[in-house]
Each structure stands twice: as structure tokens, then as C-alpha cells.
Amino acid sequence: MKFTVIKNIQKNSPMSLILRGFLLFILIYLISDIFVLKSSFGITFDGVNSTLFGNEELYIDAINEASFLEFWHTQIFFIMMILLTLSSIFIRVASMGRVILTNTLMLSAIISLISLPLAFYLSDFFTNIYVITYHLWHIIALIMILYALWKFNAASV
Amino acid sequence: MQQAYKLSIFYFLVFSLLLIVSAVMLFEHKIGFSYNSVLEYYIGNEDKFIPAQSASGILKIVLPHVFVFGLFAMVLLHFLVFTEFKAKKAFLILIYATFIATFLEIFAPFMIVSGWSFFAYIKLFSFFIFLALILFTLWLLFRKIR
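These figures come from a predicted structure and were not determined experimentally.

Thresholds, definitions, all that
- Residues numbered from 1 in each chain as written.
- Chains lettered and ligands numbered in written order.
- Predicted model: local features only at pLDDT ≥ 70, side-chain atom pairs only at ≥ 80, totals over all residues.
- Axes fitted to C-alpha atoms, helices over the stretch in contact; angles between N-to-C directions.
- Helix = DSSP H or I, 4+ residues; strand = E, 2+ residues; numbered from the N terminus.
- Parallel < 35°, antiparallel > 145°, perpendicular 65-115°, else oblique.
- Contact = placed C-beta atoms within 7 Å.
- Nonpolar A, V, L, I, M, F, W, Y, C, P; charged D, E, K, R; others polar.
- pLDDT = per-residue confidence, 0-100.
- Buried ≥ 20, exposed ≤ 12 C-beta atoms within 10 Å, placed from the backbone.
- Left-handed = near helix turned anticlockwise from the far one by under 90°.
- Arc of directions from axis to C-beta.
- Core = buried A, V, L, I, M, F, W, Y, C linked by C-beta atoms within 7 Å.

**Looking at the packing of helix H3 (residues 55–79) of chain B against helix H4 (residues 89–113) of chain B**
Axis angle and axis distance: for two packed helices, these are the angle between their axes and the distance between the axes, and together they describe the pair.
All names here are of chain B.
And step 1. The contact between H3 and H4 brings their axes to 10 Å, and the two run at 175°. The angle between H3 and H4 places the two elements in the roughly antiparallel class. Facing H3, whose interface residues are Ala55, Ile58, Val62, His65, Val66, Phe69, Ala73 and Leu77, H4 presents Ile95, Thr98, Phe99, Thr102, Ile106, Pro109, Phe110 and Val113.
And step 2. Looking at the contact of H3 with H4, its residues break down into 13 nonpolar, three polar and no charged.

**Some details on the confidence of the model for chain B**
And step 1. Of the residues in chain B, 99% have a pLDDT of 70 or more, and the chain-wide mean is 91.
And step 2. Interface confidence for the predicted complex, expressed as ipTM, amounts to 0.89; the pTM equals 0.90.

**Details of the environment of Leu17(B)**
All names here are of chain B.
And step 1. With respect to the helices and strands, the residue Leu17 is situated in helix H1 (residues 3–30).
And step 2. According to the C-beta neighbour criterion, Leu17 is partly exposed, with 15 such atoms within 10 Å.
And step 3. As a C-alpha pair, Leu17 and Leu131 span 114 residues in sequence and 10.0 Å in three-dimensional space.

**A look at the packing of H4(B) against helix H5 (residues 119–145) of chain B**
Residue and element names in this part refer to chain B.
And step 1. The geometry of H4 relative to H5 is characterised by a closest axis approach of 8 Å and an angle of 150° between their N-to-C directions. One finds that H4 runs roughly antiparallel with respect to H5. Of the two possible hands of crossing, H4 and H5 adopt the one that is left-handed. Between H4 and H5, the contacting residues are Leu94, Ala97, Thr98, Ala101, Thr102, Leu104, Glu105, Ala108, Pro109, Met111 and Ile112 on the first element and Phe119, Ala120, Ile122, Lys123, Ser126, Phe127, Ile129, Phe130, Leu133 and Thr137 on the second.
And step 2. Looking at the contact of H4 with H5, its residues break down into 15 nonpolar, four polar and two charged.

**Some words on the interface of chain A and chain B**
And step 1. Contact residues are listed per partner, giving 20 residues for chain A and 18 residues for chain B.
And step 2. When its residues are assigned to classes, the side of chain A that touches chain B shows 12 nonpolar, five polar and three charged.

**Structural notes on the confidence of the model for chain A**
And step 1. Of all residues in chain A, 91% attain a pLDDT of 70 or more, and the chain-wide mean is 89.
And step 2. The lowest-confidence element of chain A is helix H1 (residues 13–39) of chain A, averaging 91 in pLDDT; the highest-confidence one is helix H4 (residues 98–121) of chain A, averaging 94.

**A look at the environment of Glu28(B)**
And step 1. Here Glu28(B) shows up in helix H1.
And step 2. Under the C-beta neighbour-count criterion, Glu28(B) is labelled exposed, with 12 such atoms within 10 Å.

**A closer look at helix H2 (residues 45–53) of chain A**
And step 1. Those residues of H2(A) that sit buried are Val48(A), Thr51(A) and Leu52(A). Here the buried residues of H2(A) occupy an arc of 95° about the axis, which is enough to place them on one side.

**Quick look at the nonpolar core**
And step 1. Counting 42 residues, the largest nonpolar core has Leu105(A), Ala109(A), Met144(A) and Ala148(A) as its most contacted members.
And step 2. Setting aside its immediate chain neighbours within four residues, Leu105(A) contacts Leu83(A), Ser87(A), Trp137(A), Ile140(A), Ala141(A) and Met144(A).

This is how it looks when you write it as C-alpha cells:
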């Protein structure tokens, strides 16, 4: 987290290069995450509902509670680490809208993570909230990554 | 500390609370919070058709947790360096206690499957101590960034 205390981070070429590389990897991770979840847990209302509650027509069994809790637990850890580092970098390079974007990103990610067990234990209504907020935080994270990369590139030219 | 960084840290603390909730639910569901349920989970119970865990099976679960617990404790505790709490001796005690509780929580299962049933208590005790220390750290940080 040394980048949080370096003055004028965009002009510091080694740190700028390291962070650009890191942002690129977060970008790849988030895009890969969408494809992996699409083929496993689901990223649509029907897909997630089939995973959580099963689907007789498609012969899909509902996920068991232990597997669900393990999935939820690991998702929380990965998302918290990724969003902490991403938001810390974004805050250093962004001049306008950083508070609004960071709040929207974090709140949508937290709501998506909270709605997941609510969907599993309470009602499939929360699946809708999960899917919407899942896509929302991914889109905002992608915007933040691309904006930060653009700012780093603009400063290095 | 920049005002905007407090935002990132605040949300990290919220995520940490969620992580703790999920860890407690997972522990309760898979192992249970009694001495007997911990023993049954690790050394099995023929009457209940619970298979015993092997040392290699435990190692597979332990492996990612060693890294994750260490990283999580490091990230959370290092935020305290930015507070006035860093100058206090209690900070050192908190650091030692967190890492020791984490170590015991992770490695107690190896002792249980080796025949040291007493370590079922150590497993439970270290889990709750770890949670308490993390919650205490979260509380200190919440107070600071408020």
C-alpha cells in the first residue's frame, strides 16, 4: 500500500507501471469472474434461481447449504480485497466523482453479497437484487479500472 | 490519512463483518460449536455415519486459510498503524494475540486427528478469541474513521 503515500503517483514511473499492471490483472479477473460464474453459479435470474433452488425441467439439483456457504464465504473475501485495492488506487488518480463512484461500487457489492443468503434462506425475490447489484458493481469496477488506466497513460505521455 | 481513504477503509470494515458472519455460519453448519461436534467432525462417528478426516484432507482446507488468515490479519492490523493506538503497548499484544489465535485455530485439527482430543477445546477457544480480536480491531478502526 506504499502507493497511498507517494506524492504525485502518476509521475512516479515505476509505481505507475506497477499499478497499471495490477489494474490490468484486476480487469482480467473481473471479466473472467463473469464467465466463470456464468457457467457455474449463474449471472441471470433464471441461472441463479436454478443453482439455488434446482430446476426439475433441466434436472438440476439445488445447491447444498455447505457448498453455498463456502461459495459465499470465498466471494466475500475476494471481493473485499479486490475492491479495497481498486478503490485505493482510484481515489489517488481520480479528481472528480471519486466519492460517488466509490460509494456506489461498495454499496452495490455489499448489497449483492447480503442478498445472496437472503435469497437462499428467505425468498427468491432477493435473487433479483443479487443479479442487478452483481452487474452494477462489475460495471462500476470496470469503469474505475479503465478510468485509472487512462489517467496513468495520460500522465506518462 | 486522506478523507477519501477513510471511505475505502470503512467499507473494508463492513466487508470484514460480513466475512465474520459467513465464517460463523460456515463453522456452525459444518463443524458445530460443541466439544463433541468438533471431535465428531475430525475423528468421525460410525453411529452417525460421519467419516474421519485425514491429515492430508485437513491440509487441503488449511492451505488456503494459512494465506488468507495471514493476509486478512495483516491488512486489518496495519490500519491501526495510522491511529494513535500504534504507540500503545496493547497494540503489540493485540498483534501477537491475533496471530497466535489464528495459528492455533488453523493447526488444532492436526492435533485432534493425532489423538489429542483436548485440542477440540483449543480449536473452539482460538476461533472465538480470533473473532473477538478481529471485532475489537474493527471497533477501534470504526471509532477512528467515524
